[in-house]
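Given next are the chains, with one letter for each unit.
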Amino acid sequence: MLSGKKNFMRLAISITLIILILNFVLTQVRNSIYLRTYRQNIGEKLRTVLRRNVHFHQDKLTNLNETTGGKKVKIILLYTTFFKGSWYLRWNNDFYCSYKSKCLFTYNRDYIHEADAVGFHDADIPGISMPTRTNTKQIWFYFNLESPTFSKINGECDGLFNWTMSYRTDSDVFTPYGSFRPIDCDESKAPWPNTAEKTKLAAWIVSSCNAPSGRTGVARKLSQYIPIDVFGKCGNLTCSKGQELRLSKECRATLQQYKFYLAFENTNCDDYITEKYWEHGLENGLVPIVLGGANYNRLAIPGSYINVRDFKTVKDLAEYIKYLDANRTAYNEYFKWKHSYKLETPYLYGCSLCEALHRTKALTTKVYKDLNTFWRKGKCQEKIVYQ
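Here's a quick rundown of the structure.

Quick notes on the rules
- Note that residues are indexed from 1 along each chain, following the sequence as it is written.
- In keeping with the model being predicted, local features are shown solely for residues with a pLDDT of at least 70 and side-chain atom pairs are shown and tallied solely at 80 or more, while totals for entire chains, interfaces and linings include all residues.
- Computation of side-chain values: all heavy atoms of the structure, hydrogens and water removed.
- A pocket here means an open set of points on a 1 Å grid, computed over the protein atoms alone, that has protein on both sides within 12 Å along at least five of seven lines. A cavity is instead a set of points where a 1.4 Å probe fits but cannot get out; residues with an atom within 4 Å of a point line either one.
- Grid points are joined across faces, edges and corners, and a volume is the space filled by probe spheres set on the points.
- Note on conventions: DSSP H or I runs of at least 4 residues are helices, E runs of at least 2 residues are strands, and numbering of each starts at the N terminus.
- Throughout this entry, Asp, Glu, Lys and Arg are counted as charged residues, while Ala, Val, Leu, Ile, Met, Phe, Trp, Tyr, Cys and Pro are counted as nonpolar. The remaining residues, Gly among them, count as polar.
- Note on classification: 1.4 Å probe, protein chains only; a residue is buried when its accessible area is under 20% of the maximum for its type, exposed when over 50%, partly exposed between these limits.
- Only strands joined by at least two bridges in the DSSP assignment are considered to pair.
- The axes are straight lines fitted to the C-alpha atoms, using for helices just the contacting stretch, and the angles between their N-to-C directions are given from 0 to 180°.
- With respect to orientation, any angle under 35 degrees is reported as roughly parallel, any angle over 145 as roughly antiparallel, any angle of 65 to 115 as roughly perpendicular, and every other angle as oblique.
- Note on convention: near helix rotated counterclockwise from far helix by under a right angle means a left-handed crossing. Clockwise means right-handed.
- Note on contacts: a residue pair qualifies if any of its non-hydrogen atoms lie within 4.5 Å across the two residues.
- Think of the arc as the fan of directions from the helix axis to the C-beta atoms.

## Some thoughts on the layout of surface pockets
- Of the volumes computed, that of the largest pocket is approximately 770 Å³.
- In terms of lining, the largest pocket is formed by 26 residues, of which the most central are Glu146, Tyr177, Lys241, Glu275 and Lys276.
- No other element matches the three residues that helix H4 (residues 275-281) contributes to the lining of the largest pocket.
- Here the lining of the largest pocket is composed, by residue class, of 15 nonpolar, six polar and five charged.
- When its volume is computed, the second largest pocket comes out at roughly 530 Å³.
- As for the second largest pocket, its lining consists of 23 residues, and the residues nearest its centre are Phe174, Leu348, Cys351, Ser352 and Glu355.
- Residue assignment for the lining of the second largest pocket shows that the elements contributing at least two residues are strand S8 (173-174) and helix H8 (349-357).

This is how it looks when you write it as structure tokens:
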């Protein structure tokens, strides 16, 4: 009786082991089939990821070693936020970029070791815990669209970054607020604004009422001679923002009634020409009256603007504006640039970064040992005071 029970137990154990072995073998077969299917479909999976918006948040990327066109897809980790929100890169299907299939962006810090590049935005660096660099081939880049006067870093970031990404022309990745190019011979020219329908003189959108540049004092003096409609926190008129940090459709329509726009920067710093000139002025068919520290002869469209610095006094500037207001032919001269140049789509920062990572410059190693000096020293001028 006892011997029979033992034999039964041995049989039961043997059957159990056989079942476990069969299950293991079947699992391996299923996994093998799955992997083959996965490899066949990985290209489509990657394309699906690329069709999504730049922001992956905490999603897992499909395959860090996938290649397109013989080149490895670059993984770009955005380690900080951008003013506490999402980075503004315009990396989606709404905007063309020939490098669109060659880079992936993510906020997932799990990829700190695998990423080809890691981005840090100036205003969001204070207060974060900086990661430890374990990949010597990784490019850490410093992103800033603000002038040195309002930068948040000092010497704490010296020796950390390999690249700078900003509006400065000496940056490793040049990301200006706007740009232009010559029109091709077979390309249609941009339409001129209907200047005959402009019924108002000068507009200014401003929210920083005591900016270091001295612009408020210049505007106040100018308003003694000509009418200036002031929008924003420093005025009594409103001009709302739209999507993607841009002006709303209603605001653009309002501005287009004016002949001139006060493109006065908040600081007088090298290369610092913002949306005040590019979007508020040129895109809306106004003549920008510029005031800043940039070399406008080098960076702005020739013949498209009036520079405050070209006049000895504010009164002289006002008299010239009055002359243009009364002389439509002379005023229209400021739109002749449309025959030769074309504004490019602004803020394609994701494309600029991806392109840089795929060029030979990404193979060279350098470090900004004194980023604070590079970014700040001698880059801004004193407050402007005009008679």
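## Some points on the environment of Asp316
- You can see Asp316 is positioned in helix H6 (residues 314-326).
- When its relative accessible area of 35% is taken as the criterion, Asp316 is described as partly exposed.
- Sequence separation between Asp316 and Tyr225 is 91 residues; the distance between their C-alpha atoms is 10.0 Å.

## Focus on the pairing of strand S6 (residues 139-144)
- Burial within S6 is extensive, with six of its six residues counted as buried.
- Here strand S5 (residues 117-121) pairs with S6 via five bridges, running parallel. If you follow Phe120 over to S6, its bridge partner there is Tyr142.

## What to know about the packing of helix H2 (residues 215-222) against H6
- Contact geometry of H2 with H6 gives a least axis separation of 9 Å together with a crossing angle of 55 degrees. As the angle between them shows, H2 and H6 are arranged oblique. In terms of crossing hand, the pair formed by H2 and H6 is right-handed. Residues Val218, Lys221 and Leu222 of H2 form the contact with H6, whose participating residues are Val314, Leu317, Ala318 and Ile321.
- A per-class count over the contact of H2 with H6 returns six nonpolar, no polar and one charged.

## Focus: H2
- When H2 is considered as a whole, its buried residues turn out to be Arg215, Thr216, Val218, Ala219 and Leu222. End-on view of H2: buried residues confined to an arc of 160 degrees, all on one side of the axis.
- Packed against the buried residues of H2 are strand S10 (200-205), strand S11 (228-231), strand S12 (258-264), H4, strand S13 (287-291) and H6.

## Re the sheet that holds S5
- Spatially, the six strands line up as an open sheet ordered S4-S3-S5-S6-S7-S8, and their pairing is parallel. Edge positions in the open sheet fall to strand S4 (103-106) and S8, since each of these has one partner strand only.
- By the bridge criterion, four bridges tie S6 to strand S7 (residues 163-166) in an arrangement that is parallel. Residue Phe141 lies in a different strand from S7, and its bridge partner there is Trp163.
- Docked against the sheet, H8 engages strand S3 (74-78), S4, S5, S6, S7 and S8, running at close to 155 degrees with respect to S7.

In short, shape yes, function no, at least from these values alone.
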